[in-house]
Structure formats: C-alpha cells, structure tokens
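Below are the chains, spelled out letter by letter.
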Amino acid sequence: MPLTRRAALAAAAGGVGLVVADQRPSAATTPFYVNPFTLGVASGEPTPDGFVIWTRLAPRPLTSDGTGGVGTRRFTVDWQVSRRSDFATIERKGSVRTSKSGGHAVHVTLTGLEPGREYWYRFRVGKWLSSVGRAVTAPRLDAAVTALTVAQLSCANWQNGWFTVYRRAAEQQPDFLVHLGDFIYESAGQDTGPRAHVGAECVTLADYRRRYAQYRTDPDLQFAQASAPFVAVYDDHEVDNDWAANSPSTPFADFASRRRKALRAWYENHPVRTFSRPAADGSVRAYRRVFWGKLLTAHVLDTRQYRSDQVGNGAITEDPARLDPTRTMLGATQEGWLQQNLQGSTARWDLIAQQVMLTQRRVEVGGTRGWSADAWDGYVPARQRLLAATAAARNAVFLSGDSHAAWANLIQADFEIPDSPTVGVELSNTSVASGGDGFDGDGTHPFMAANPNLRFYNSLRGFHLLRFTPGELVADYRCVATVTTPGDTDWTRARFVVADGQPGLDQTLDQPSAPTSPTQRRAPRDLATATLKAEGLL
Ligand code: FE
Ligand code: CA
C-alpha cells in the first residue's frame, strides 16, 4: 500500500522502513562496511519535464582529506526514480560512476518526465540504499496554475544553532524551496556556540568539501532536502566573507584559487544542473530561471561573482563612488540576460531571487552614517538599471537574505526622488541559524525614521512562506523561539499581502510572541548599533 506523502516524508527523514542496509560480514561484495549515504539526498531545478537528483558518498563524513572516507576509490551508484514512494514501479533508472575529482558526488538530470507531478528517488551502492527523496516536476509552461507555495530561506551558520528552521519550512510542504546563500560558513571552528565547525577556516578544496559534509549530516537539513526541490544559490560565506568577483574582503594570497575551490565544492554539494559545473577558468554559471506555468517565473541571480569591488572599507559608506555608473552588481552579461527576460516575461509574478538588500536604507548611528557598501546601496546606478528592467514585469517581487533579520520593504521607482512611486516589494528573510536566537520586537526599527520604505523588522530566526495565486501573494514571516535549543515550534510572526497589479505591502497579521515567552528577550537598548554589528558593518 502506498505511503501517504506525510508518512513517506517522515520515513525519508528517519529512514524507517525504506532504508535497507545489509551489514552482514558475509556481504562480501559490499564495498562499504558503514553506510556511505550519511549526507542524505536532494533534488533541485524543477522543470516541466524533470529535475536534478543528488547525493554524495561519505561513509566517514569528517575526514580531513575531504573525501568523506572514500579516498581515491571509485564506485558505481545506481539510482531509481518512481511515481510511487514504495518503488513498486520504476519510471527511470541508471548508474553513475563517482570519482575523487567529482567529490564523490552524484548529479543526475532527469528529463522526459510528466509535468506537475510528484516523484520519488533513491540511490544504491552495493547493498546500501539511500534514504528516499521526493521531487516534483514544474507545471507545463502554458499551464494556468492557480497556486504555488515557495519557502524562502538563507544563512545557516552551524555554530550558531540547530537547523530547526529547515525542518519547519519543509513541514509547510512548499512546492520548492529557495535558498539565497550562506548555506555553509567558511569560518574556523569555535567552541562558544551550541555546536562547532570541524577544522580551521576553509581555504583548500578538502576544507570546503569537509565543511559541506559536516552541514549535510544535519537531520533537519536532510529532512528538508529530501522533501522537495531546492533552488539554491551562493552568497559570500560559501567562499569568503563579503567577497566580490576576484577580491576577498581581507587580503588573501591567491584568492582566485581559493574561490575556484570553493565554487567547485558548491557545485559538488548541490543538486544543480550541469551548466553550473565549474568552467575551465573556475567560474560557475549560477544565475538561471525557474518557471511555474503562467503563474510565476523566478529569476535567480548571482550578486557575487561579477560585481565591482565594494566602495570604501566595505562597511557603511558615504563614498560617492557608490554612484559611479560604471560599477556593476550583476556584470554586463547577467544584467543583459535579466533585462531581456523581464522584458519578455508574461508571468503573473516575476520573482527576483537574490542575495543582498535591494531597498535604500540610509543609516545614521553615532558617527557612522551612510549606506551599506555590500548591499545594492553600494551600487546605485546598477540598482536603477535593475529597477528600469523590472518595469516590464506585471508584479515584481524581490527576495533577499544576508542580513540575519527579517525586513519587509517597498521598492521605489527611483529612491533618489522623493515620493517616487512604489514599483515592487522586497521580502528580506532572516536566517536559519546565523546570529543565534535573536529577540522578538514590535516590528519597528530605528532606521525606519529616515527610511519610510522599510515596513517591518524582526530579529528572530525563521523563513518565509510565499503563497502565490493569480490574484495575490500572501507572505508569511514564520519564526521559531530559539535555535540554541533543538526542535522549537514555529508560528507566523507577520503576514503581508501583495495584490496583483498593486505593488505594496498590506500587513494583515501581527503576532508577537506571548509576553511570558522566552522569545521576548529584550531588544538591545541601542538597536541601531546592534543591527549594524549583527550585519558585520560596525
Ligand atoms: Fe549570512
Ligand atoms: Ca551573506
């Protein structure tokens, strides 16, 4: 009897009943004596006829050589895709040979499947079976889709807390999840938090591979990754804090080489398409689109690999260089690609999924005043070009992460002109774990006085649940009380409605935690200073 979706999800997470591992010593042909599927499974990149499925062999995930205990050995990994969670019938199957040069990862791009359908997949090496993952194909391009649910999240610093938010996001059963970067942090292990990174700051390929392996041992992350497709893109910490094209934020001898290794490990450790495989020069093609019938087109951007170096010291700046029109955030090729796509878009909703805050945010704290040099405020003409391109969109919804706090922002046609019309909204999500527990508040922030376009602020950990219909977008800002203790429940802290054709934010729910709740930790007395410190700007 087929499992229900919910039961199968639970089984996929716990492995109950679906993982068959023969550990008898007589299983002489078994190449591993311990389960090589310690990192779970994942799917991504849904299209109307397929998706990518992923796993990586790592019987001992934390070995310092980054090979997960596999070394230089090569294995044949079998895979299966079924319409049934019990695999009673097999839709597709095949084998992939792993290699050390490929990080012992498996990427399979499925094509020729049916649109708008649920599929199940699993892998096998010898007698070891992986857990079961669930993937979906996107609807046909011309389908009149009536509903789409997307989970939006980013910034999961292992050292700052448990990954409860991943599990809570998956429990909402989104069609797919968008991860806006900082999937790993490159920093050295520290014993000050609830759990610590293994190893020093990531620099070598082995370092980055081991760091991904450590993160991917997390059961909450594995639950989320097995539950639905991810659409993931990196931000800075997959490589180095605040990197910009070929420039690290702090001097590094051969940054080009480090970046090449980091992006290679990124590719190896995500269910992304072959076109994202590192090119000969080490660059990675990460910007891409996801189509969901006539309802939505997601434009996933890369704001790291092609950008001009940050102006000033990279923190808060008043340097007029931020107004230099020759500076770029996306690079000319990506910018042209996006412009063309937006101009030709017939989607009801255009979702621009990218990393850093788009809205204007002037800050003045003590002697520090100006704009964040790492965000779009440091690239003003480039932002203006982006906004001009989005004018062609019927409904422009911008996503960002990076700041480790939730914001809801209005996007003006030209921030330099007072009373400029609102042309879109920005939903900027808080982190999965980075920054630790945070605190609840009343939704306001001192920066709002000088920036009326900022409409909501909250510093708890969480994710966004975006429910699109032809008539409206309902965005739930979901939070957990703590991440320093595992397993907290989540709730909708705030809800915003965006009506079709009417760019704006209608907050329809405001639900602070109960006064007796542990989430009512007091906000810092100087919230403005604390915010800049949390963002690494002071
Ligand atoms: Fe982050
Ligand atoms: Ca970041």
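Heads up: the structure comes first, above all this text.
Residues numbered from 1 in each chain as written. Chains lettered and ligands numbered in written order. Predicted model: local features only at pLDDT ≥ 70, side-chain atom pairs only at ≥ 80, totals over all residues. Heavy atoms only, no water.

Take the pairing of strand β13 (residues 296-300) next. The element β13 is largely enclosed, with a buried count of 5 among its 5 residues. Every second residue of β13 is oriented toward a common face, with Leu296, Ala298 and Val300 on one face and Thr297 and His299 on the other, all of them buried. Bridge count for strand β12 (residues 288-292) against β13 is 5 bridges, and the pairing is antiparallel. Note that in β13 the partner of valine 290 across the bridge is alanine 298. The antiparallel hairpin formed by β12 and β13 contains 3 residues in its connecting segment, where glycine 293 sits at a positive phi of about 60°. In terms of strand pairing, β13 meets strand β15 (residues 349-353) through 5 bridges, oriented parallel. For histidine 299, the partnering residue across the bridge sits in β15 and is isoleucine 352. (Buried < 20%, exposed > 50% of the residue type's maximum accessible area, 1.4 Å probe, protein only. Helix = DSSP H or I, 4+ residues; strand = E, 2+ residues; numbered from the N terminus. Pairing = 2+ DSSP bridges.)

Let's shift gears to the coordination of the calcium ion (ligand 2). In this structure, Asp182 (OD), Asp235 (OD), Asp236 (OD) and Asp402 (OD) serve as the protein donors to the calcium ion (ligand 2), at separations of 2.3 to 2.5 Å. The distance between the calcium ion (ligand 2) and the iron ion (ligand 1) comes to 3.7 Å, with aspartate 182 serving as a donor to both metals. With aspartate 182 in the loop between β10 (176-179) and α3 (205-216) and aspartate 235 in the loop between β11 (230-232) and α5 (255-268), the pair connects residues that are 53 residues apart, well separated along the chain. What makes aspartate 235 buried here is its relative accessible area of 1%. (Donors = N, O, S within 2.8 Å, 3.2 Å for Na, K, Ca; no water.)

Counting residues in each nonpolar core, the largest one holds 78 residues, and the members touching the most others are Phe163, Tyr166, Trp292, Leu296, Leu427, Phe468 and Tyr477. Sequence-distant contacts of leucine 296, that is, excluding residues within four places in its chain, are made with Leu148, Val290, Phe291, Ala347, Trp349, Leu351 and Phe468. Residues Phe37, Leu57, Val70 and Val125 belong to the second largest nonpolar core, which totals 22 residues. (Core = buried A, V, L, I, M, F, W, Y, C linked by side-chain atoms within 4.5 Å. Contact = heavy atoms within 4.5 Å.)

Geometrically, a pair of aromatic rings is defined through the distance of the ring centres and the angle of the planes. Applying the stated criterion to the full structure yields 19 aromatic pairs. An aromatic cluster of three or more residues is present, and its members are Trp158, Phe163, Tyr166 and Tyr215. The ring centre of phenylalanine 223 lies 4.5 Å from the NZ or CZ of arginine 167, which sits over that ring. Of note, arginine 195 hangs over the ring of phenylalanine 163, and the distance from its end group to the ring centre comes to 4.6 Å. (Phe/Tyr/Trp six-rings, centres within 6.5 Å; stacked < 30°, edge-to-face > 60°. Lys NZ or Arg CZ within 6 Å of the ring centre and 35° of its normal.)

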